[in-house]
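Coordinate inspection notes
What follows is each chain in one-letter form.
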Amino acid sequence: MLAVDTKQTTVIAVAFPIPMNTMIRLICTIFFSLLLCTLYAQQEQAKPRQGEGVYAFLRRHNRQGKAAYDAFIELNRGKLGKNNSLKMGVNYTLPPLQGAFSAANSSSGSSASATTRRIREPLFGKKLADVEIKTDRLKDACFYIVSGHGGPDPGAIGKVGNIELHEDEYAYDVALRLARNLMMEGAKVHIIIQDAKDGIRDDKYLSNSKRETCMGDPIPLNQVQRLKQRSDKINQLYKEDSKKYKYCRSIFIHIDSRSKKQQTDVYFYYSDKKPASKQLATRMKNTFEQKYKRHQPNRGFSGTVSARNLYVLNNTTPVGIFTELGNLQNTFDQRRFVISDNRQALANWMCEAFRLDYEATVKK
């Protein structure tokens, strides 16, 4: 209602009192509307790469951890494929980078300390070179991670159409992921076979190269010389490591080549000269079996453990095991390698088995 003073030709506003609770509701409504608009405007979207799963997609955009995964699924309901798979060409909304979902703030369930401990390993690539030590569960452990072949020897070669899958590239990617996981648990890790350029890759088809070295030394083409070189390197490191660490273990990571029709699960070889080698291989197998029961309950797991007279197991001082991740020729097994989330799962499960074996050995 407006009252007009005709003499002064001035408009005077007559205010009606507004109840306090109504005013508060009005202010809150305006505030939250503006906040939601701001958040919506700031939402970041991106499209997945070929072969990327949710975890790899989030990691590429600097989001890590289960909280980020859960938030992503909630934000993108209706856009995802079967089993929350990503669809090519679809724009997905990313959880906010600032806050609990960023890689720098990921705590994997452990409480954050006042001073975050980090180590830098350039071999993991620019995005993942900084490694946050999240726990001390493996602080008295030392590992020697060896990916098979490398340099002039690509190892087994599989094919998807005209694309070649080289054993050394996929074994190396899994080796890097395992090494990083172990470092995050507080372990000392030696990456024996190295490529200064590759880093951890989320691509489906990994580019092939001959750049790999044995900790900086050129890798010989001759098989015996090649195996002797990496065995000698491990033994040299172990001389000093054995004085500092209660638990030292090596793992040699390979991918087999068999008939295209033969599908295989991950299997493990141990040295029959070292009881602890069989114990570790068995624990690896049992861990994988449990994971398959949880994630693929109707499939079953047929991985095996057996003794084998292998050069690297017989000629290295620390306890070691040799693992074959599958058949690079088989179409079904190839999915275990070309999908980056599957490569990460292999690394996660091996890391867990190492931790269980460490606890059973050191803390018994």
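Further up the page is the structure itself.
Residues numbered from 1 in each chain as written. Predicted model: local features only at pLDDT ≥ 70, side-chain atom pairs only at ≥ 80, totals over all residues. Heavy atoms only, no water.

This part takes up the sheet that holds strand β11 (residues 193–194). The strand order across the open sheet formed by three strands is β11-β12-β13, and the pairing between neighbours is antiparallel. Edge positions in the sheet fall to β11 and β13 (217–218), since each has one partner strand and no second. Note that strand β12 (residues 213–214) and β13 share two bridges and pair antiparallel. Opposite Cys214, over in β13, you have Asp217 as the bridge partner. (Pairing = 2+ DSSP bridges. Helix = DSSP H or I, 4+ residues; strand = E, 2+ residues; numbered from the N terminus.)

Let us now look at the pairing of strand β17 (residues 319–327). Side chains on a regular strand alternate between the two faces of the sheet. Among the nine residues in β17, nine count as buried, and that is most of the element. Where strand β14 (residues 247–256) and β17 come together, seven bridges link them in parallel fashion. Note that in β17 the partner of Phe252 across the bridge is Phe322. As defined by bridge partners, strand β15 (residues 267–270) adjoins β17 across four bridges and the pair is classed as antiparallel. Residue Tyr270 lies in a different strand from β17, and its bridge partner there is Ile321. (Buried < 20%, exposed > 50% of the residue type's maximum accessible area, 1.4 Å probe, protein only.)

All right, on to the packing of aromatic side chains then. The description of an aromatic ring pair uses the distance of the two centres, along with the angle that the planes make with each other. Taken as a whole, this structure holds 13 aromatic pairs when the rule is applied. Where Phe288 meets Trp349, the ring centres are 5.4 Å apart and the plane angle is 85 degrees; that geometry is what we call edge-to-face. In this pair, Phe288 is assigned in helix α6 (residues 275–295) and Trp349 in helix α9 (residues 340–362), connecting sequence segments 61 residues apart. The pair Phe288 / Trp349 is uniform in exposure class, with both members buried. (Phe/Tyr/Trp six-rings, centres within 6.5 Å; stacked < 30°, edge-to-face > 60°.)

All right, on to the packing of α6 against α9 then. Where α6 contacts α9, the axes come no closer than 9 Å and their chain directions differ by 130 degrees. When the axes of α6 and α9 are compared, the pair comes out oblique. Classified by chirality, the crossing of α9 by α6 is right-handed. Note on element contacts: α9 touches α6 through Leu346, Trp349, Met350, Glu352, Ala353, Phe354, Leu356, Asp357, Ala360 and Thr361, opposite Gln279, Leu280, Arg283, Met284, Thr287, Phe288, Lys291, Tyr292 and His295. Across the contact of α6 with α9, the residue classes tally to eleven nonpolar, four polar and four charged. (Axes fitted to C-alpha atoms, helices over the stretch in contact; angles between N-to-C directions. Parallel < 35°, antiparallel > 145°, perpendicular 65-115°, else oblique. Left-handed = near helix turned anticlockwise from the far one by under 90°. Contact = heavy atoms within 4.5 Å. Nonpolar A, V, L, I, M, F, W, Y, C, P; charged D, E, K, R; others polar.)

This brings us to the sheet that holds β17. Across the sheet, which stays open at both edges, the six strands sit in the order β10-β7-β14-β17-β15-β16 with mixed pairing between neighbours. A single partner strand is all that each edge strand has here, and the edge strands are β10 (188–191) and β16 (305–307). Going across the sheet, the axis of each strand differs from the next one's by a mean of 25 degrees, ignoring polarity. Strand contacts of helix α5 (residues 223–244): β7 (141–147), β10 and β14, with the helix running at about 170 degrees to β7, the strand carrying the most contacts. Helix α8 (residues 331–338) rests against β14 and β17 of the sheet, and its axis sits at about 120 degrees to β17.

Turning next to the environment of Glu74. For Glu74, the location among the structural elements is in helix α3 (residues 66–75). Here the alpha-carbon distance between Glu74 and Thr93, two residues 19 residues apart in the chain, equals 9.8 Å.

Before going further, it helps to spend a moment on α8. Taken residue by residue, α8 has Asp333, Gln334, Arg336, Phe337 and Val338 as its buried positions. Of the residues flanking the start of α8, the one acting as N-cap is Asn330, its side-chain oxygen 2.9 Å from the backbone nitrogen of Phe332. (Polar contact = N/O pair within 3.5 Å; in protein donor to acceptor, adjacent residues only side chain to side chain.)

Below, the discussion takes up the pattern of salt bridges. The tally for this structure, following the rule as stated, stands at 25 salt bridges. Across the pair Lys228 and Asp232 runs a salt bridge whose closest N-O atoms are separated by 2.7 Å. Within this pair, Lys228 and its partner Asp232 are both found in helix α5, separated by four residues, close to a single helical turn. Since its relative accessible area comes to 42%, Lys228 is described here as partly exposed. Residue class for Asp232 comes out partly exposed when judged on its relative accessible area of 28%. Residue Glu240 is joined to Lys243 by a salt bridge in which the shortest nitrogen-to-oxygen separation is 3.4 Å. With Glu240 and Lys243 both in helix α5, this residue pair falls three residues apart, about one helical turn. Residue classification places Glu240 among the partly exposed positions, given a relative accessible area of 43%. Exposure remark for Lys243: the relative accessible area of 63% places this residue in the exposed category. Overlapping salt bridges bring together Glu169, Asp195, Asp198, Arg201 and Arg211 as one network. (Salt bridge = Lys/Arg side-chain N within 4 Å of Asp/Glu carboxyl O.)

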